Amino acid sequence: MGDSTQQALDMILNQVNPCDSDGEEVTLDQSSDSEISSDEETSPPPEKRGRMETHEWLTETAKDGTVWREEQIGRPLHHSPIECNPMDGEPTAFARRKVSSRLQSFLCFISLQMLRTIQEWTVQHARQTQHGNWFMDLPELMAFIAILILRGIVRLPAVHDAWSATLGVPSISKIMARNRTSCGTYASMTRTHAYIATKPDKFGIKFWVACDLKSKYVCNIIPYLGKDSSRPTGERLSENVVMKLMDPFMDKGRTVTTDNFFTSLSLAKRLLGRKTTLLGTINKIRRELPDSAKKTLDREEFSTQVFSTSGATLTVYAPKRRKTVCILSSMHSMVETGDTQKKKPNTVTDYNSLKCGVDVMDQMVRKYTVRSGTRRWQVAVFYNLIDISALNAHVLFQAGTGVKERRSDFLVKLARELAQSHMAAKEVHKENLQQQPPTPDTGKRALCQVKCCCKNNHATKRCVSCNRFTCGKCRKEMLWQCQVCSDNL
């Protein structure tokens, strides 16, 4: 019996193929039911041990002393990024209570105090350049903004075509006469211009913008006014701008997507200290990058190289031969490539899907922009302010009230609400004129109350609009006018 058992064991051992082993030790344990017995105690089977992989971790020191470690694609990194906040931004309870109409949502961004300031500076500038009695009240300024919004929806070859008999827009001509809109607006500000050759508007006033990815809501905006004395010595302008823009949104697990002008390792670490992650392209001339990441000649097409340092990951991807893209991220715990032909790493695909916030917002603003040709930079900034405020008002109105409507429909209704006060005052004024006698009152003789062209002339007639005594020099001859044109004034 013992000989037959031994022969069976030998046959099993001979049939075992060593190539089928997965690297672990193969052991044959004799079960307790076996007829083989021994006086010696059987030792416990050894533990199974996996195959040990040996890999030399390559480290490289950048010019600024940053130590980078080359990582394998698809393996977890040594640092654990913070958990991002997946929730979308929503209006606060205060905003929900305050926003019940389109005009209220618009006034959340251009407040009445801002409009009063623009009104004061506009009146002051008009009296200095035209005549001392020019005046514009707040409802008329709001009506002027309504005309700008309507003019942005209906694009015409020239500004004066909005009042044309053939191409004109009836809603614009009913709000205000054309000669009244020629004065425009004025606001005092620092004249700091910038030239960027790669932008559609190459010359103008620069604005730094932080925009929400999903709704394209402008979260924060800062004008560039030249050298900032409050910026600490040695701090990059790009870092200072990002920290200012993101200051109200720190410590909430947000993710910031930037281009190569802003992205740097020091910025990623500063944001990480405020529980905010960074994802963006980084310029290859940065001193904190390793030298091997800057080489492009010896890379194969669609190849990926990964480096890691404290709290950040650097991905070097070659979309073409002799061309590489460097992505710096503090939000990824592992870099892995896709199964497509281009083998894009997840850092590149995530950046492509997250980078479009500001660009799409700028396209949306340009679609219904109120801008027109002007040589006054104050007016150009005013136009930009209206564009961004109208876009934000649309997003806020929909989120606060739950009403979904096209942006063009929202802008038309917003313009109607902006011009409502001025139109109502215009109707009251027209009714008062109809109640007055058609000819000026030739009552008593008095001093001229207008005094725009005279000093102390006497007058016997009153103005049909303001009912003030007006002398011959301060009088304006009115042309013959039909009833239809008079009603449109």
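Each value, and the rule that gives it
- Residues numbered from 1 in each chain as written.
- Predicted model: local features only at pLDDT ≥ 70, side-chain atom pairs only at ≥ 80, totals over all residues.
- Heavy atoms only, no water.
- Helix = DSSP H or I, 4+ residues; strand = E, 2+ residues; numbered from the N terminus.
- Buried < 20%, exposed > 50% of the residue type's maximum accessible area, 1.4 Å probe, protein only.
- Contact = heavy atoms within 4.5 Å.
- pLDDT = per-residue confidence, 0-100.
- Pairing = 2+ DSSP bridges.
- Axes fitted to C-alpha atoms, helices over the stretch in contact; angles between N-to-C directions.
- Phe/Tyr/Trp six-rings, centres within 6.5 Å; stacked < 30°, edge-to-face > 60°.
- Salt bridge = Lys/Arg side-chain N within 4 Å of Asp/Glu carboxyl O.
- Parallel < 35°, antiparallel > 145°, perpendicular 65-115°, else oblique.
- Left-handed = near helix turned anticlockwise from the far one by under 90°.
- Nonpolar A, V, L, I, M, F, W, Y, C, P; charged D, E, K, R; others polar.
- Core = buried A, V, L, I, M, F, W, Y, C linked by side-chain atoms within 4.5 Å.

Caption draft 1: Region of the structure containing the overall build of the protein chain. Each helix and strand counted, the protein chain has 16 helices and 15 strands in total. Counting across all 489 residues of the protein chain, residues that qualify as buried make up 35%. Sequence separation of at least 24 residues holds for 55% of the intrachain contacts in the protein chain that already meet a minimum separation of 6.

Caption draft 2: Structural detail: the confidence of the model for the protein chain. Averaged over every residue, the pLDDT of the protein chain is 81; residues scoring 70 or more account for 77%. Overall, residues 16-55 carries pLDDT values under 50, and its contacts beyond four positions in sequence, including any with other chains, amount to 16 contacts.

Caption draft 3: Representation of the sheet that holds strand S8 (residues 277-281) within the structure. If you trace the seven strands from one edge of the open sheet to the other, you get S1-S2-S9-S10-S11-S8-S7, paired in mixed fashion. Two strands lie at the open edges of the sheet, namely strand S1 (59-61) and strand S7 (255-258), each paired on one side alone. Averaged over all pairs of adjacent strands, the angle between their axes in this sheet comes to 25°, without regard to strand direction. Note that S1 and strand S2 (residues 67-71) share three bridges and pair antiparallel. Following the sheet pairing, Glu 60 is matched in S2 by Trp 68. Packing of helix H11 (residues 346-354) onto the sheet brings it into contact with S7, S8, strand S10 (312-320) and strand S11 (323-329), and relative to S8 it is tilted by some 90°.

Caption draft 4: Looking closely at the side chain of Ser 408. Locating Ser 408 in the fold gives a position in helix H14 (residues 407-418). Overall, the relative accessible area of 12% leaves Ser 408 in the buried class. Residues within four places of Ser 408 in sequence aside, it is in contact with Ile 153 and Tyr 368.

Caption draft 5: A look at the packing of aromatic side chains. In this structure the tally under the stated criterion is seven aromatic pairs. When the ring of Trp 208 is compared with that of Phe 262, the centres are 5.7 Å apart and the planes differ by 80°; the resulting orientation is edge-to-face. In this pair, Trp 208 sits in strand S5 (residues 207-211) while Phe 262 sits in the loop between S7 and helix H9 (265-273), placing the two residues 54 residues apart along the sequence. Taking the relative accessible area as the measure of exposure, Trp 208 reaches 10% and is therefore buried. Ring geometry for Phe 382 versus Tyr 383: centroids 6.4 Å apart, planes at 45°, classification tilted.

Caption draft 6: Seen up close, the environment of Leu 225. Relative to the elements of secondary structure, Leu 225 occurs in the loop between strand S6 (218-223) and helix H8 (237-246). Overall, the relative accessible area of 46% leaves Leu 225 in the partly exposed class. Counting along the chain gives 18 residues from Leu 225 to Phe 207, while the straight-line C-alpha distance between them is 9.1 Å.

Caption draft 7: Region of interest: the pattern of salt bridges. Taken as a whole and judged by the stated rule, the model has twelve salt bridges. A salt bridge links Arg 270 to Glu 235, with the shortest nitrogen-to-oxygen separation between them at 2.7 Å. Within this pair, whereas Arg 270 is found in helix H9, its partner Glu 235 is found in the loop between S6 and H8, the two being separated by 35 residues in sequence. For Arg 270, a relative accessible area of 33% gives the class partly exposed. Judged by relative accessible area, which is 13%, Glu 235 ranks as buried. The residue Glu 405 makes a salt bridge to Lys 413 at a minimum N-O spacing of 3.4 Å. For Glu 405, a relative accessible area of 13% gives the class buried. For Lys 413, a relative accessible area of 32% translates into the label partly exposed. Three or more residues joined by partner-sharing salt bridges are found here, namely Glu 235, Arg 236, Glu 239, Arg 270 and Glu 288.

Caption draft 8: Focus on the packing of H8 against H9. At a minimum axis separation of 10 Å, H8 and H9 run at an interaxial angle of 25°. Between H8 and H9, the angle falls in the class roughly parallel. Viewed along their axes, H8 and H9 form a crossing whose handedness is right-handed. Residues Glu 239, Val 242 and Met 243 of H8 form the contact with H9, whose participating residues are Ser 266, Leu 267, Arg 270 and Leu 271. Partitioning the contact of H8 with H9 into residue classes produces four nonpolar, one polar and two charged.

Caption draft 9: Molecular detail of the side chain of Arg 102. Tracing the backbone through its elements, the reader meets Arg 102 in helix H3 (residues 102-107). Contacts of Arg 102, omitting those with residues within four sequence positions, involve Phe 397, Glu 405, Phe 410, Lys 413, Leu 414 and Glu 417.

Caption draft 10: Fine view of the pairing of S5. The pairing of S5 with S6 spans five bridges and is antiparallel. Following the sheet pairing, Val 209 is matched in S6 by Ile 221. As consecutive antiparallel partners, S5 and S6 are separated by six residues, and within that stretch Lys 216 has a phi angle of approximately 65°, a positive value.

Caption draft 11: Broad picture of the packing of helix H13 (residues 377-401) against H14. Close contact between H13 and H14 brings their axes to 10 Å; oriented N to C, the two are set at 105°. The pairing of H13 with H14 is recorded here as roughly perpendicular in orientation. Within the contact between the two elements, H13 uses Ala 390, Leu 391, Ala 393, His 394 and Phe 397 and H14 uses Arg 407, Phe 410 and Leu 411.

Caption draft 12: Inspection of H8 at higher detail. With eight of ten residues buried, H8 lies mostly within the body of the structure. Here H8 has its buried residues at Ser 238, Glu 239, Asn 240, Val 241, Val 242, Met 243, Leu 245 and Met 246. Looking at the buried residues of H8, the elements they touch are S5, S6, S7 and H9.

Caption draft 13: Quick look at the nonpolar core. Phe 106, Ile 145, Ile 149, Ile 175, Phe 382, Ile 386 and Leu 418 are the most contacted members of the largest nonpolar core, which has 44 residues in total. Elements represented by at least two residues in this core include exactly H3, helix H4 (112-129), helix H5 (138-153), helix H6 (170-175), H13 and H14. Tallying contributions element by element places H5 first for this core, with eleven residues. With 26 residues, the next largest nonpolar core counts Val 242, Leu 271, Leu 289 and Phe 307 among its residues.

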